[in-house]
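# Observations on the model geometry
Read off the chains here:
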Amino acid sequence: MVKKECIAMLLAGGQGSRLGILTKNIAKPAVPYGGKYRIIDFPLSNCVNSGIDTVGVLTQYRPLELNDYIGNGQPWDLDRMNGGVHILSPYQQMEGSQWYKGTANAIYQNIQFIDRYAPEYVLILSGDHIYKMDYSRMLDYHKDKKADCTIAMLEVPWDEASRFGLMLVREDGSIAEFEEKPKEPRSNKASMGVYVFTWKVLREYLLLDEADAASSNDFGKDLIPRMHSDGRGLFAFPFDGYWKDVGTIESLWDANLDILNPKIDLDLSDENWKIYSNSPASPPHYLAVGARVQNSIIAEGCTVEGSLDYSVLFANVSVGKGAEVKYSIVMPGTVIEEGACVQYAIVAENTRIGARAVVGECPEDVSNRDDWGVAVVGSGLSIGAGSVVKAKTMVENDIAEGTK
Amino acid sequence: MKANSVLGIIYSNAYDTALPELTGLRTMGSVPFAGRYRLIDFPLSNMVNSGISKVGVITKSNYRSLMDHLGAGKPWDLSRKLDGMFILPPFSGAGASGVYQCRIEALYGSLGFIKRCTDEYVVMCDCNVVCNMDLGRLFDAHRASGADITIAYQHGTAPALDDIMTFSFDDGGRINGASVFNGGTEDTDFSLNIFLMRKSLLERLVTEAAGLKMLDFETDVIIRNLGALKIHGFKADGYTRVIDSLQSYYSFSMELLDSGVRAGLFRPEGPVYTKPRDSMPAFYAWGSDAKNCLVASGCVIEGEVENSILFRGAHVSAGASVKNSILLQDTFIGANAKVSCVITDKRAVIRPGRNLSGAENYPFFVGKEIVI
């Protein structure tokens, strides 16, 4: 095996339980995003664009669709003779089989894989975030600081800071203190869950962490605090681009609509930082004579006869005559029949929205604002003609015709 | 030899001269069509969807864009250890003259490749014929009739191309008469230049014809052998169009705005594969007005678009109007420009405020990278 300077380990085993029906059958990193992508396209494309050609993808929850999607890594140029993408699932060992107990344990169980490449540095990523980042600059920073661990850091709005793992950072970039989701934040510098470790040091701490029966084997909770208390060199790498955790329905909806917001700095059309994906073979989309499309993106294979406002259509969606789609995300293969209305909603793959059905509600139409939320329809369902799905509902089963 | 296996041969340069505007800098096979494809995607996908796993692509000139498009054949699943795609550029060996003038010379130049293939049959296609055809049905018809050669044909007005054969048949479907002088004739059965035969027969016919310095595959190989060989026709009944000029390229493109016509070309059981470009989905801005149009990914539409086809990466600025036009990849239409019945080649730029207009029967053509 040819030695690699830096390889990436991508933690993609999470269920993303707050996405409810959307992750019933697929892992969170496989959730569709942005009309043609899946969340995992972002860290994978970032790796390739940053010159990292060896990526271990650690899967655990419902890996079938994710494994299928990644395949041999060819869409991301990660089908390499030496390196490339490797799916790393939990496996059986002499002492019995073991699931990944935590993020650090997942890496611990794959020490052999990393050792084969004998890297100087290991980049730890998660498959939960939408962002474009040049990891090679972070790696340079890590080397400059002679750090043992570098954590990517983003300044978040103060009123949201208490939702994040925060860091108090000294002037030289070194980390003075950690705070995990504090009630009264003293810093607004949040960890993005992107780490560069010097492999020799990380390897040592993985062994220590595993030997500690009291540890929950988590990077943020156990391993990094242990390095900190041992006085290892921990540094924060500042990042100021677009970054979004798409862990909830609202944030997934927001992150999709962010593509349509010209004020938000997320350019997916940058020729020098392409986001690669595994796309289906579909012809261009067709807008019919009666179509009306405003501030929306449409992927290949769609047919639009109705109207579209501030929405994202994935591949092979059809929107019938007189149907309206507003502020919504419609995933691949879904059919919206004549006169139906889909608003403030996320509709998963291969679902049928019957004629004149209404899915979701405008925030203005809901008397109590707390009752409002994005409506979600699960994949492969059928919403009967004329039925009504209220705001904030998560539809998990077929709905009969005319149900109100 | 693998029983019943079929080798595919595609002529990427056939009838280049019929479409000089678009083939000036490329082959017929790399002419863009239907918003995101190149013409060679159609025969290649037909072959792959019919189970053919080895395809030779014969090239003659200007094939740089074709090579770029095809790469190692991955998008068509033809990048393989066993079989796969083979580019056959001009090859001047003993007895062959290098750059060839005709189909016989092209095949003779590639005879070394053809002979080494272990397939039992060979099917040949041209790139100016756009269809979504199950070649398995052609093969079944060939086997059922016991013909030596089966040629796919279509009924209608023969394309205005040199050497397009028109046929007459006996009651058993065998071709008993053929002519090459009927281009443009209405209500006739004309050849789609899709030929299926045993590979050994092709090798013999090509060697003979080349030895006699014959030049014309249609007259010297097919028509001359109508008596000696059992040559049958196979009627293509699905979507089939033969491009013979810029006008027909334009009208066949515009026809795709009809959902029925589109359904014939893009059948769910016969997906058409092409090289991916990884551009984001098309974006429609506030104030845009698009209707009756076919739009590929990577397009940005701020202005008005009607009855048009936009290839990947085309940009229509605010206030601009695009009607009855075809904008090839990365065309840029500046603010308040008006184009109607125009075909713009790759990376053409129409500057703000310009006004360009052709006619339905004579579209105005803007060449590659031209700035107006």
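Refer to the preceding data block for the structure.
The helix and strand inventory of chain B stands at 10 helices and 26 strands. Against the globule reference of 21 Å for 372 residues, chain B gives a C-alpha radius of gyration of 21 Å, in line with a compact fold. Principal-axis analysis of the C-alpha atoms places the extent of chain B at approximately 65 × 45 × 40 Å. Residues counted as buried form 59% of the 372 residues belonging to chain B. Summarising the internal contacts of chain B: among those between residues at least 6 apart in sequence, 60% fall at separations of at least 24. Approximately 14,100 Å² of chain B is accessible, and the part contributed by carbon and sulfur atoms is 51%.

All names here are of chain A. Residue placement: Ser382 occurs in strand 31 (residues 382-383). Residue Ser382 is classed as partly exposed on the basis of its relative accessible area, which comes to 21%. Spatially, the C-alpha atom of Ser382 lies 8.0 Å from that of Asn397, the residues being 15 residues apart in sequence. If near-sequence neighbours (up to four positions away) are discounted, Ser382 is found in contact with Arg352, Asp398 and Ile399. Within polar-contact distance, the side chain of Ser382 engages the side chain of Arg352 at 3.0 Å.

Turning our attention to the sheet that holds strand 21 (residues 312-313) of chain A. Here 11 strands make up an open sheet; going across it, the order is 33(A)-30(A)-27(A)-24(A)-21(A)-18(A)-14(B)-16(B)-18(B)-21(B)-24(B) and the pairing mixed. Across the chains shown, the open sheet's two edge strands, defined by having one partner strand only, are strand 33 (394-395) of chain A together with strand 24 (349-350) of chain B. As paired strands, strand 21 (residues 332-333) of chain B and strand 24 of chain B are joined by two bridges and run parallel to one another. When the bridges of strand 24 of chain B are listed, B:Ile333 appears paired with B:Ile350. Packed on one face of the sheet, helix 8 (residues 249-258) of chain A meets strand 21, strand 24 (329-330), strand 27 (345-347), strand 30 (375-377) and strand 33 of chain A and runs near 90° to strand 27 of chain A.

Let's shift gears to unusual backbone geometry. Peptide bonds are trans in most cases, and residues, glycine excluded, mostly fall at negative phi. Residue and element names in this part refer to chain A. Phi angles above zero are rare outside glycine, and Asn295 is one such case at about 40°. By the element assignment, Asn295 lies in the loop between strand 17 (292-294) and strand 18 (296-298). Assessed through its relative accessible area of 2%, Asn295 is described here as buried. Its identity is not glycine, yet Tyr344 carries a phi of approximately 45°, on the positive side. Residue placement: Tyr344 occurs in the loop between strand 26 (341-343) and strand 27. Residue classification places Tyr344 among the buried residues on the basis of a relative accessible area of 10%.

This part takes up the pairing of strand 4 (residues 54-58) of chain A. Residues and elements named next belong to chain A. Counted residue by residue, strand 4 has five buried out of five residues, so it is predominantly covered. Here strand 4 shows no split at all, with Thr54, Gly56 and Leu58 on one side and Val55 and Val57 on the other all buried. Here four bridges tie strand 1 (residues 6-11) to strand 4, and the two strands are oriented parallel to one another. From the neighbouring strand, Leu11 faces strand 4, where its bridge partner is Leu58.

Moving on, we come to the interface of chain A and chain B. If you look at the interface, chain A gives 35 residues, while chain B gives 31 residues. Between chain A and chain B, roughly 2,700 Å² of surface is buried when both sides are summed, and carbon and sulfur atoms account for 54% of that area. For B:Arg36, the salt bridge goes to A:Glu300, with nearest N and O atoms at 3.0 Å. Run the count over chain A and chain B and you get 20 residue pairs in polar contact (both at pLDDT 80 or more). At the level of elements, strand 16 (285-287), strand 17 and strand 18 of chain A are the ones that each hand at least two residues to the side of chain A that touches chain B. Looking at the side of chain A that touches chain B, its residues break down into 20 nonpolar, 11 polar and four charged.

What counts, and where the lines are drawn
- Residues numbered from 1 in each chain as written.
- Chains lettered and ligands numbered in written order.
- Predicted model: local features only at pLDDT ≥ 70, side-chain atom pairs only at ≥ 80, totals over all residues.
- Heavy atoms only, no water.
- Helix = DSSP H or I, 4+ residues; strand = E, 2+ residues; numbered from the N terminus.
- Rg over C-alpha atoms; globule rule 2.2 N^0.38 Å.
- Buried < 20%, exposed > 50% of the residue type's maximum accessible area, 1.4 Å probe, protein only.
- Contact = heavy atoms within 4.5 Å.
- Areas by Shrake-Rupley, 256 points an atom, 1.4 Å probe, with all protein chains shown as cover.
- Polar contact = N/O pair within 3.5 Å; in protein donor to acceptor, adjacent residues only side chain to side chain.
- Pairing = 2+ DSSP bridges.
- Axes fitted to C-alpha atoms, helices over the stretch in contact; angles between N-to-C directions.
- Buried area = accessible area lost by both parts, 1.4 Å probe.
- Salt bridge = Lys/Arg side-chain N within 4 Å of Asp/Glu carboxyl O.
- Nonpolar A, V, L, I, M, F, W, Y, C, P; charged D, E, K, R; others polar.

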